[in-house]
Amino acid sequence: MKSYLKSLAGSLALLAAFVLGACSDPPPLGAEGESLVMSADNIPGTRRIRKPLEWEAGKPGGAWYDTYPDDPKSYNPFSNLDGSHLTVTGFMLDYLFDYDTDRREWSGRIVESFEIVADEKNDAMELRCRLRDNIYWSDGVQMTADDMVFWYDEICGDRDIYPLGYQGQFVNMDDGSRERILMKKTGRLSFTYVFPRVVQNPCLMVNAGSMVPRHIWEPAKKKGKEAVMDLWNLDTPPEELVGNGAFLLERYVPGERLIFKKNPRYWMRDQAGGSLPYIDRIVLTRTPDPNAELLKFQKGEVESYGLRGKDIATLLPESEKNGYSIWNGGPSGSYNLLLFNQNPAKISAAKHAWFTNPDFRKAISCLVDRQAIVNLVLNGLGTPLYHIISESNYFYNPGLASPCAYDPAQAKAYLQKAGFTWSAAGACLDAAGNPVAFDIMTGSQDTIVSDYLNIIIQDMQELGIKAVLQIVDPNVFSDKLLNTYEWDCTLMGFGFPIFPEQWYNVWLSNGNRHYWFPKQESPAQDWEKRIDSLYRELVHTYDEAKVRRLYDEFQEILIGNMLIIPLVRTYTFMAVYHRWANINWDVRHTIGDDYIKVFLK
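Quantities reported herein were computed from a predicted structural model and do not represent experimental measurements.

Conventions and cut-offs
Residues numbered from 1 in each chain as written. Predicted model: local features only at pLDDT ≥ 70, side-chain atom pairs only at ≥ 80, totals over all residues. Heavy atoms only, no water. Helix = DSSP H or I, 4+ residues; strand = E, 2+ residues; numbered from the N terminus. Contact = heavy atoms within 4.5 Å. Pairing = 2+ DSSP bridges. Axes fitted to C-alpha atoms, helices over the stretch in contact; angles between N-to-C directions. Buried < 20%, exposed > 50% of the residue type's maximum accessible area, 1.4 Å probe, protein only. Polar contact = N/O pair within 3.5 Å; in protein donor to acceptor, adjacent residues only side chain to side chain. Salt bridge = Lys/Arg side-chain N within 4 Å of Asp/Glu carboxyl O. Core = buried A, V, L, I, M, F, W, Y, C linked by side-chain atoms within 4.5 Å. Phe/Tyr/Trp six-rings, centres within 6.5 Å; stacked < 30°, edge-to-face > 60°. Lys NZ or Arg CZ within 6 Å of the ring centre and 35° of its normal. Parallel < 35°, antiparallel > 145°, perpendicular 65-115°, else oblique. Left-handed = near helix turned anticlockwise from the far one by under 90°. Nonpolar A, V, L, I, M, F, W, Y, C, P; charged D, E, K, R; others polar. Arc of directions from axis to C-beta. Right-handed = clockwise from strand over helix to strand, strands pointing away.

(A) Region of the structure containing the environment of Gln-342. The residue Gln-342 is located in the loop between β16 (334–340) and α11 (349–355) in this model. In the structure, Gln-342 is positioned 160 residues away from Leu-182 in sequence and 35 Å away in space, judged by C-alpha atoms. Residues within four places of Gln-342 in sequence aside, it is in contact with Ile-347, His-352, Phe-355, Thr-356, Arg-361, Trp-516, Phe-517, Gln-525, Trp-527 and Leu-563.

The structure is reproduced here in structure tokens:
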């Protein structure tokens, strides 16, 4: 197993030499081939964001060229649960509030002002909002409180439509019932969320970016659910996609490109009063292969490129000569993990017994050589991960780390505890004599993900577990996860939550993205029942010390049951050509504030 680490020495040394820009001998490697190159936090030749953020007043014009991985299946934000619509609607539909991750505070976006009124004595709360008076839909109709109430009640709040945001409209009460957060119009541009009880973070609970224009969607709603689901499908002409965001869809060529144009009615202005965004167009070319994306960047066909670990040694030495900067964004805000299917209706009884056993999952975690993945796949630009919460979370507790690091002997002990034995040929067998074998599914075509999985599969073979790599089409991957639930194990990406109460649709047992067993009528496992209870208590707790205690227990349960097997956390890098100003990018800040403030120098 360890022999392949030593073969990595040459490539790591080459990377270190490029990074250091020196002619001296490469830095040494550890006894097992581990790289001793400098930390990715401090790589000479890379740029870091400056805070507080500063934005230059720019000039209009120009087009931003970039890539996208997969075609949207629809433009409809309510029928498209896999999120592919965001490739389009993320540009054309603005959202209510902004959260400053540096200051840890909320501000209005299309909401000009808001006020939280809490009556703790009577356990009641209101969030009073007023829209900006210069928010117009792209067809010239002003956005008003009528749009908000229609969207909230008739679309997002329709149980038959059941969009992702539906569950977020409800608050759990002490008696176990669920009561809906109501919205009422209080003026032409003002509206109020009325909470049935006090909540910890009202702006988080109601923040959304899927608001749609009433004058477009109401006629469809009157015809019923199917008409709503069919609206804004891929046959819809771009000019009929009415939004309030910074950019509008101008043209879509399936399998080839998406072209967006500046929304001339966008509300945001720069410090000099000039209209935003500065750029006229965003042109995205479908490029599912990261290697092809890299080549496009090297040819100057796209403006930016998100680097993989192995790309640093390729791009950094040529950055100044070729006129681009490499921004060091810090540790990633997401991570890759392994997850086992626990849905009894979709897997065999034998697999269900394995996958629901915490000791089996702990054993698998102990068979994953995370450092090998970092060294081999990420060129050292990553770190093994044993947490499910990042340090950017206010309630992050560094002491709550999984003990299940790479340790084949401990893995064997966990398996023996769970009743597994081994045949004379070394195959791992369950108590009924079934050989332990399953598929690991991924929808990623990226060879890096395949490299991850091949290392993991090799690790599992050490104890006679047969895992088979299953690469499926991204559409099939989404369908299996969200609809058919027919899969064994998957490698997928999760983001780190910023707030304790985020991801209700993942953590709650009845959540539609409770991937391992979604939409349960009642919790299947005792620990799931406790997670449900903790989540609901977190949402309604103000006392910071109590929140910390509850959140610690929340993490301890998830980690102790090894529900999610975290793998590695990568460092993030973005290459951008020098011709652009106002980039200000890192892991928590998008390029130019969602391309709104970038401009050609």
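(B) Looking closely at the sheet that holds strand β21 (residues 466–471). Here we have five strands laid out as an open sheet, ordered β21-β20-β22-β16-β23, and mixed in their pairing. The open sheet terminates on both sides in strands that have one partner only, identified here as β21 and β23 (565–566). Here helix α12 (residues 358–366) sits on the sheet and contacts β16, β20 (437–442) and β23; the angle it forms with β16, its principal contact strand, is near 135 degrees.

(C) Layout of the side chain of Ser-190. Counting through the fold element by element, Ser-190 comes out in strand β10 (residues 190–195). Ser-190 sits in the buried class, given a relative accessible area of 17%. A distance of 2.9 Å separates polar atoms of two side chains, one belonging to Ser-190 and the other to Thr-186. Of the polar contacts made by the side chain of Ser-190, one reaches the backbone nitrogen of Gly-187; its length is 3.0 Å. Every residue in contact with Ser-190, bar those within four places of it in the chain, is listed here: Cys-129, Arg-130, Ala-145 and Lys-185.

(D) Spatial organisation of the environment of Phe-297. The residue Phe-297 is located in helix α8 (residues 290–298) in this model. Once the C-alpha coordinates of Phe-297 and Leu-558 are considered, the two residues, 261 residues apart in sequence, prove to be 40 Å apart. In contact with Phe-297, not counting residues within four places along its chain, are Val-302, Glu-303, Ser-304, Tyr-305, Leu-315, Tyr-324, Ala-575, Val-576 and Tyr-577.

(E) Local environment of the pattern of salt bridges. Taken as a whole and judged by the stated rule, the model has 29 salt bridges. Between Arg-257 and Glu-256 there is a salt bridge whose closest N-O contact spans 3.5 Å. The exposure class of Glu-256 is partly exposed, given its relative accessible area of 40%. Between Glu-553 and Arg-530 there is a salt bridge, with the nearest N and O atoms lying 2.8 Å from each other. Pair noted here: Glu-553 is in helix α19 (residues 544–560) and Arg-530 is in helix α18 (residues 526–539), with a separation of 23 residues, a long-range link. Looking at Glu-553, the relative accessible area reads 25%, which means it is partly exposed. One continuous salt-bridge network, built from bridges that share partners, spans Asp-146, Lys-185, Arg-214 and Glu-218.

(F) Fine view of the nonpolar core. Core analysis: the largest hydrophobic core is formed by 113 residues, its most contacted members being Trp-64, Met-148, Trp-151, Phe-191 and Tyr-193. The biggest single contributor to this core is helix α4 (residues 145–156), with eight residues. Beyond its immediate sequence surroundings of up to four residues, Trp-151 is in contact with Phe-78, Cys-156, Gly-157, Tyr-193, Ala-208, Ser-210, Met-211 and Val-212. Of all hydrophobic cores here, the second largest spans 42 residues; its members include Phe-340, Ala-363, Leu-378 and Tyr-452.

(G) Just the packing of aromatic side chains, in detail. A complete count under the given rule lists 40 aromatic pairs for this structure. On the basis of an interplanar angle of 45 degrees and a centroid distance of 6.0 Å, the ring pair of Phe-494 and Tyr-515 is categorised as tilted. Residue Phe-494 is found in strand β22 (residues 489–495), and its partner Tyr-515 is found in the loop between α17 (504–507) and α18; the two are separated by 21 residues along the sequence. Every member of this aromatic cluster is reached through a ring pair, and the members are Phe-395, Phe-494, Trp-503, Trp-507, Tyr-515, Tyr-551 and Phe-554. Sitting over the face of the ring of Trp-422, Lys-412 holds its NZ or CZ atom 5.2 Å from the ring centroid. Lying across the ring of Tyr-577, Arg-579 places its NZ or CZ 4.6 Å from the centre.

(H) Inspection of the sheet that holds strand β6 (residues 124–131) at higher detail. Pairing is antiparallel across the open sheet formed by four strands, whose spatial order is β5-β6-β10-β9. Sheet topology places β5 (111–119) and β9 (182–185) at the edges, where each strand pairs with a single neighbour. Shown here is a sheet whose adjacent strand axes are inclined to one another by a mean of 20 degrees, direction ignored. Bridging between β5 and β6 involves eight bridges; their strand directions are antiparallel. By the bridge assignment for β6, Val-117 is matched with Glu-126.

(I) Quick peek at the packing of α12 against helix α14 (residues 408–417). α14 packs onto α12 with a crossing angle of 165 degrees between their chain directions and a minimal axis gap of 8 Å. Relative to α14, the element α12 is oriented roughly antiparallel. Where α12 crosses over α14, the handedness of that crossing is left-handed. Contact residues: α12 offers Asp-359, Phe-360, Lys-362, Ala-363 and Cys-366, while α14 offers Pro-408, Gln-410, Ala-411, Tyr-414, Leu-415 and Lys-417. Broken down by class, the residue content of the contact of α12 with α14 amounts to seven nonpolar, one polar and three charged.

(J) Seen up close, unusual backbone geometry. Note the cis peptide between Lys-51 and Pro-52, where omega equals 0 degrees. Looking at the secondary structure, you find Pro-52 in the loop between β1 (46–47) and β2 (63–68). Omega for the peptide link from Leu-276 to Pro-277 comes to 0 degrees, which places this bond in the cis form. One can find Pro-277 in the loop between β12 (257–262) and β13 (281–286). Although it is not a glycine, Tyr-162 sits at a positive phi angle of roughly 50 degrees. Position of Tyr-162 among the secondary structure elements: in the loop between α4 and β7 (170–172). Given a relative accessible area of 17%, Tyr-162 falls into the buried group.

(K) Expanded view of helix α16 (residues 474–484). Pro-474, Phe-477, Ser-478, Lys-480, Leu-481 and Leu-482 are the residues of α16 that are buried. Down the axis of α16, the smallest arc covering the buried residues is 165 degrees, so these residues share one side. Elements in contact with the buried residues of α16: β20 and β22. Positive backbone phi, at 60 degrees, marks Tyr-485, one or two positions downstream of α16.

(L) Fine view of the pairing of β20. With six bridges joining them, β20 and β21 adopt parallel strand pairing. Across the sheet, residue Thr-442 finds its bridge partner in β21, namely Ile-471. Crossover handedness for the path β20 to helix α15 (residues 447–461) to β21: right-handed. Here β20 pairs with β22 via two bridges, running parallel. Bridging across to β22, Met-441 finds its partner in Thr-490.

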